Amino acid sequence: SGLLAAPSPKQYEFARLNLTYVITSKRKLAQLVNEGKVSGWDDPRMPTIVGLRRRGYTPTSLRLFADRIGVTKSDSWIDYSTLEGCLREDLENKAHRGMAVLDPVKLVLTNWMDAFGSDGYTEDCTQPALPHSAIAEGKNGNEGAESAVPPADRVFKIGKEVWIEREDFEEVPPKGYKRLFPGNVVRLKGGYVIECTGCARDAAGNVLEVHAKVIPGTKSGTPGADSVKAKAAITWVGVMDGVQAEVRLYDRLFADAHPDAGGKDFLQSLNPDSLKVVTAYVEPSLAGAQPDQKFQFERFGYFVADRADHQGTKPVFNRSTGLKDTWSK
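Now for a quick tour of the structure. (Residues numbered from 1 in each chain as written. Predicted model: local features only at pLDDT ≥ 70, side-chain atom pairs only at ≥ 80, totals over all residues. Heavy atoms only, no water.)

1. Details of the pairing of strand S8 (residues 161-165)
- When you tally the buried positions in S8, you get four out of five residues, the bulk of the element.
- Judged from the three bridges that link them, S8 and strand S13 (residues 236-238) form a sheet pairing that is antiparallel. Each residue of the ladder has a partner; that of Ile 164, found in S13, is Trp 236. (Buried < 20%, exposed > 50% of the residue type's maximum accessible area, 1.4 Å probe, protein only. Helix = DSSP H or I, 4+ residues; strand = E, 2+ residues; numbered from the N terminus. Pairing = 2+ DSSP bridges.)

2. Here's the deal with the environment of Gln 31
- Mapping Gln 31 onto the fold places it in helix H1 (residues 26-34).
- When its relative accessible area of 24% is taken as the criterion, Gln 31 is described as partly exposed.
- Each C-alpha atom of the pair Gln 31 and Met 46 lies 12 Å from the other, and the pair is 15 residues apart in sequence.
- Once you skip the residues sitting within four places of it in the chain, Gln 31 turns out to touch Phe 266 and Leu 267. (Contact = heavy atoms within 4.5 Å.)

3. Quick notes on the pattern of salt bridges
- Enumeration over the complete set of coordinates arrives at 29 salt bridges.
- Here Asp 168 and Arg 179 are joined by a salt bridge, their closest N and O atoms 2.8 Å apart. Highlighted residues: Asp 168 in the loop between S8 and strand S9 (185-188) and Arg 179 in the loop between S8 and S9, separated in sequence by 11 residues.
- Relative accessible area serves as the criterion here: at 27%, Arg 179 is assigned to the partly exposed category.
- With a closest N to O distance of 3.5 Å, Asp 292 and Lys 294 form a salt bridge. Each of the two residues, Asp 292 as well as Lys 294, counts as buried.
- One continuous salt-bridge network, built from bridges that share partners, spans Asp 42, Arg 54, Glu 246, Arg 248, Asp 306, Asp 309 and Lys 314. (Salt bridge = Lys/Arg side-chain N within 4 Å of Asp/Glu carboxyl O.)

4. Some thoughts on unusual backbone geometry
- You will see that Tyr 21, though not glycine, has its phi angle at about 65°, which is positive.
- The topology assignment puts Tyr 21 in the loop between strand S1 (18-19) and H1.
- Phi is positive for Arg 299, close to 85°, though the residue is something other than glycine.
- Relative to the elements of secondary structure, Arg 299 occurs in the loop between strand S16 (294-297) and strand S17 (301-305).

5. A short note on the sheet that holds S13
- With mixed pairing, seven strands are arranged side by side in an open sheet as S12-S9-S10-S11-S5-S8-S13. The open sheet has two free edges, formed respectively by strand S12 (233-234) and S13, since each of these has just one partner strand.
- Summarising the sheet, S9 and S12 pair through two bridges and their orientation is parallel. Each residue of the ladder has a partner; that of Arg 187, found in S12, is Ala 233.

6. A short note on the layout of surface pockets
- Empty space within the second largest pocket amounts to approximately 370 Å³.
- Elements that contribute at least two residues to the lining of the second largest pocket include exactly H1, helix H2 (49-55), helix H3 (59-69) and helix H4 (80-91).
- Considering each element in turn, the lining of the second largest pocket owes the most residues, three residues, to H2.
- Its residues placed into classes, the lining of the second largest pocket shows 19 nonpolar, two polar and four charged. (1 Å grid on protein atoms, 1.4 Å probe; cavity = no way out; pocket = protein on both sides within 12 Å on 5 of 7 lines; lining within 4 Å. Points joined across faces, edges and corners; volume = space filled by probe spheres on them. Nonpolar A, V, L, I, M, F, W, Y, C, P; charged D, E, K, R; others polar.)

7. Comments concerning the nonpolar core
- Leu 107, Ile 164, Leu 180, Ile 194, Val 210 and Trp 236 are the most contacted members of the largest nonpolar core, which has 24 residues in total.
- Contributions of two or more residues to this core are made by strand S5 (104-109), strand S7 (154-158), S8, S9, strand S10 (193-201) and strand S11 (207-214).
- Residue contributions to this core peak at four residues, all from S11.
- When residues no more than four places from it in sequence are discounted, the contact partners of Ile 194 are Leu 107, Leu 109, Leu 180, Asn 184, Val 185, Val 186, Leu 188, Ala 212, Lys 213 and Val 214. (Core = buried A, V, L, I, M, F, W, Y, C linked by side-chain atoms within 4.5 Å.)

8. Section: the sheet that holds strand S4 (residues 100-101)
- Spatially, S3-S16-S17-S18-S14-S15-S4 is the arrangement adopted by the seven strands of the open sheet, whose pairing is mixed. With partners counted over all chains shown, the strands left at the sheet margins are strand S3 (96-98) and S4, one partner each.
- Relative to S16, S3 runs parallel, the two sharing three bridges. Of the residues in S16, the one forming a bridge with Arg 97 is Gln 296.
- H4 contacts S3, S16, S17 and strand S18 (316-321) of the sheet and is inclined by roughly 115° relative to S18. (Axes fitted to C-alpha atoms, helices over the stretch in contact; angles between N-to-C directions.)

9. Concerning the pairing of S11
- Two elements, S5 and S11, share four bridges in a ladder whose sense is parallel. Each bridged residue has a counterpart across the sheet, and for Val 108 the counterpart in S11 is His 211.
- In terms of strand pairing, S10 meets S11 through seven bridges, oriented antiparallel. When the sheet's bridge partners are listed, Cys 196 is paired in S11 with Ala 212.
- Here S10 hands over to S11 after five residues, with Gly 205 in that stretch at a positive phi of 95°.

10. Examining the side chain of Gln 296
- One can find Gln 296 in strand S16.
- Once you skip the residues sitting within four places of it in the chain, Gln 296 turns out to touch Glu 92, Ala 95, His 96, Arg 97, Gly 98, Gly 301, Tyr 302 and Leu 323.

11. Topic: the environment of Gln 293
- Here Gln 293 lies in the loop between helix H7 (284-287) and S16.
- You can call Gln 293 partly exposed: its relative accessible area is 27%.
- Separated by 11 residues in sequence, Gln 293 and Val 304 have C-alpha atoms that sit 5.6 Å apart.
- In this structure Gln 293 touches Phe 303, Val 304 and Ala 305, once residues within four positions along its chain are discounted.

Printed below as a string of structure tokens:
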């Protein structure tokens, strides 16, 4: 009758988004909040905009996810790993790198004085803030921004004592183990090659310190860096300039891929390991983070400085996602 302008309006139908390991019912999400199963609507495990943002998800990653899954009329399920993969893809060339030790044990370089003349002697080590491929693309680590100026290298100190991951030492190594065990040679990433000599234990048998000898002249970036072949390179943080930080290791809120399907009690599917809080040590470049700034903790995955709790005097980082999907294994 001419009441509507051409072209005629169309109706589009599409199915709801079904994401594994996630519930989207507002009533059930409110129940999680009201019963204290999560810390609030902005809990990084919640599938809310504020929760995803606090977890470290970027607008670009969410748009990429929407583009990748497309639109369908069928009531199909999207695997949660697809969402995580979109975040990794967005942050790969943006998130500045840094080293963190999440389960620390002290490594003592017992010949440090003989090698350098003083137990208090330290040296600066440098590593790129972004890999060369990312620098070539001109990324500067900020959401939606690019810069022709590459970021400055990270600078951190090596001394007689450094923090390493507890799992990087085995007095009796399993088959194929390439990290620290008596007699083995590894590189402290960005630093020197060292040879493990053993460890010190407490009365209960727990490892208190790992002992090793530094091999002078093998520092990364120097002519002698390749003079000794190391079987592995391990991450570390210097005792001299490492900063203590709270690291919140978030994981999927539910252990069941379909927590509320078929009338199941979704509360019975809560993942008891969805949050683990550890006291870690981070390198100085990470300690200077701004709230909501994203990083890749080398070897561990992508992390974000908590937008509510992170402070310069008390760094707090949330794990956004690992470097790869581990749930499918």
